[in-house]
Amino acid sequence: MSEFWFVRHGETDWNFERRLQGWQDIALNDTGLNQAARLAQRLRENAAIAPFAALYSSDLRRARATAQAVGAAIGLPVRIEHGMRERNFGVLEGLQYDTLDQTAPEAAAAWRSRDPERELKGGETLGGFNTRILYTIEELARRHAGHRVLVVTHGGALDIIWRRANGIALSEPRHTKMVNTAINRVRIDDGGWHMLDWGDDSHIAEPARDDVV
C-alpha cells in the first residue's frame with residue numbers, strides 16, 4: 001500500500017488569464033508564490049506527525065517552484081518526474097478559453113469531445129495522456145510501497161487521478177474542482193486505487209482558482 005498526496009502547482013498569470021498552459025513553462029505569479037508558502041507550512045505540520053518518504057514534481061517550473069517551497073519546509077529534495085507533466089495541448093496552448101472556438105475550432109472541438117483517441121493538433125491524445133499519468137503513478141507506487149509520497153503536478157493530471165480513483169470514464173463530466181495547491185489524497189494497493197480526501201485547500205486564505213491546466 002502507498003499513500004499519495006497529490007498537489008496542484010500554485011497560480012500563474014496564465015491561470016489568472018484563463019489560458020491553456022500545457023507544456024508552456026510558465027512561472028508562478030505572486031499569488032502562486034504565496035499559495036506555495038502556505039502549502040509548505042501546512043505540509044511541515046503534517047510531516048512533523050508522519051514524515052513523507054519522497055517528494056516528486058513535474059519538470060515544469062510552476063510545479064518545481066511549488067515543490068521546492070515544500071521541500072525546503074519538510075527537508076526533502078525534489079525529485080523531477082517528467083511523467084507527471086501536464087498534457088500537451090498543441091495549438092491550443094496560450095489561448096484563452098473563451099477564444100478557443102474562434103481561433104482553433106478543430107483543435108477546440110477535439111479537446112472538448114473528451115474522445116480518448118481523437119487527435120489534438122500538435123498535442124497528445126487524451127488516451128495517451130491518461131496512459132502516461134497512470135503508468136508513472138503505478139511506477140512510483142511500486143517504488144514506494146508502504147510509504148507516503150508527495151507529488152506536485154497539474155490540473156489535467158489531477159483530473160486523470162480523480163477519475164481513476166473514482167472509476168469515472170474519461171468521457172464523463174467532471175464533478176469536482178482542481179484548485180491551485182489543494183491537497184488530494186489517494187491510497188494505492190493491490191486492490192486498486194482508493195480516494196481518501198480531495199480538494200483540501202484549508203491552508204489557503206482566499207479561494208484558489210479552479211481550471212483544468
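Residues numbered from 1 in each chain as written. Predicted model: local features only at pLDDT ≥ 70, side-chain atom pairs only at ≥ 80, totals over all residues. Heavy atoms only, no water.

1. Describing the side chain of Glu93
Topologically, Glu93 is positioned in the loop between β3 (78-80) and α4 (100-103). One buried charged residue, Glu93, forms no salt bridge at all, with the nearest opposite charge on Arg62 at 7.3 Å. Aside from chain neighbours lying at most four places away, what touches Glu93 is Leu20, Gln21, Gly22, Trp23, Gln24, Arg87 and Asn88. (Helix = DSSP H or I, 4+ residues; strand = E, 2+ residues; numbered from the N terminus. Buried < 20%, exposed > 50% of the residue type's maximum accessible area, 1.4 Å probe, protein only. Lys, Arg positive; Asp, Glu negative; His and termini not counted. Salt bridge = Lys/Arg side-chain N within 4 Å of Asp/Glu carboxyl O. Contact = heavy atoms within 4.5 Å.)

2. Some points on the nonpolar core
One finds Phe4, Ile137 and Ile161 to be the most contacted residues of the largest nonpolar core, which totals 26 residues. In terms of residues, this core owes the most to one element, helix α6 (residues 126-143), which gives 7 residues. Apart from the residues within four sequence positions on either side, Phe4 is in contact with Ile137, Leu140, Ala141, Val149, Val151, Asn184, Arg185, Val186 and Ile188. Core analysis: the second largest hydrophobic core is formed by 17 residues, Ala40, Ala47, Ala63 and Val152 among them. (Core = buried A, V, L, I, M, F, W, Y, C linked by side-chain atoms within 4.5 Å.)

3. Considerations on the side chain of Asn46
Along the chain, Asn46 turns up in helix α2 (residues 30-49). By relative accessible area, which is 18% here, Asn46 ends up buried. Residues contacting Asn46, with those up to four places away along its chain left out, are Trp5, Phe52 and Arg148.

4. So, the pattern of salt bridges
Counted by the stated rule, this structure contains 12 salt bridges. Here Arg112 ties to Asp101 by a salt bridge, and the two come within 3.3 Å at their closest N and O atoms. Of this pair, Arg112 sits in helix α5 (residues 105-113) while Asp101 sits in helix α4, and the two are 11 residues apart along the sequence. The partly exposed category is assigned to Asp101, whose relative accessible area is 41%.

5. Observations regarding the pairing of strand β2 (residues 54-57)
Burial of β2 is two-sided: the residues Ala54 and Tyr56 facing one way and the residues Leu55 and Ser57 facing the other way are all buried. Both β2 and strand β4 (residues 148-153) contribute to a ladder of 4 bridges, which runs parallel. Of the residues in β4, the one forming a bridge with Tyr56 is Val151. Note: β2 against β3, 3 bridges, orientation parallel. Paired with Ser57 across the two strands is Ile80, which belongs to β3. What joins β2 to β3 is helix α3 (residues 61-74), and the crossover it makes is right-handed. (Pairing = 2+ DSSP bridges. Right-handed = clockwise from strand over helix to strand, strands pointing away.)

6. What about the packing of α2 against α3?
Packed helices, taken two at a time, are described by the angle between their axes plus the distance between the axes. Axis separation between α2 and α3 bottoms out at 8 Å; the angle between their running directions is 35°. In this structure, α2 crosses over α3, and the sense of that crossing is right-handed. Residue-level contacts link Ala36, Leu39, Ala40, Leu43, Arg44 and Ala47 of α2 to Thr66, Ala69, Val70, Ala73 and Ile74 of α3. Across the contact of α2 with α3, the residue classes tally to 9 nonpolar, 1 polar and 1 charged. (Axes fitted to C-alpha atoms, helices over the stretch in contact; angles between N-to-C directions. Left-handed = near helix turned anticlockwise from the far one by under 90°. Nonpolar A, V, L, I, M, F, W, Y, C, P; charged D, E, K, R; others polar.)

7. Some remarks on the packing of aromatic side chains
Pairs of aromatic rings are described using the distance from one ring centre to the other and the angle between the two planes. Inspection of the entire model under this criterion finds 4 aromatic pairs. Between the aromatic rings of Phe4 and Phe6, the centroid separation amounts to 5.3 Å while the plane-to-plane angle is 5°, which identifies the pairing as stacked. The buried category is assigned to Phe4, whose relative accessible area is 0%. Note on Trp5 and Phe52: the rings are 5.1 Å apart at their centroids and 85° apart in plane angle, and the pair reads as edge-to-face. On the criterion of sequence distance, the pair formed by Trp5 in strand β1 (residues 2-8) and Phe52 in the loop between α2 and β2 is long-range, its members being 47 residues apart. Here the aromatic cluster, defined as three or more aromatic residues joined through ring pairs, consists of Phe89, Tyr97 and Trp111. For Arg148, the ring lying beneath its charged end belongs to Phe52, and the centroid distance is 4.4 Å. (Phe/Tyr/Trp six-rings, centres within 6.5 Å; stacked < 30°, edge-to-face > 60°. Lys NZ or Arg CZ within 6 Å of the ring centre and 35° of its normal.)

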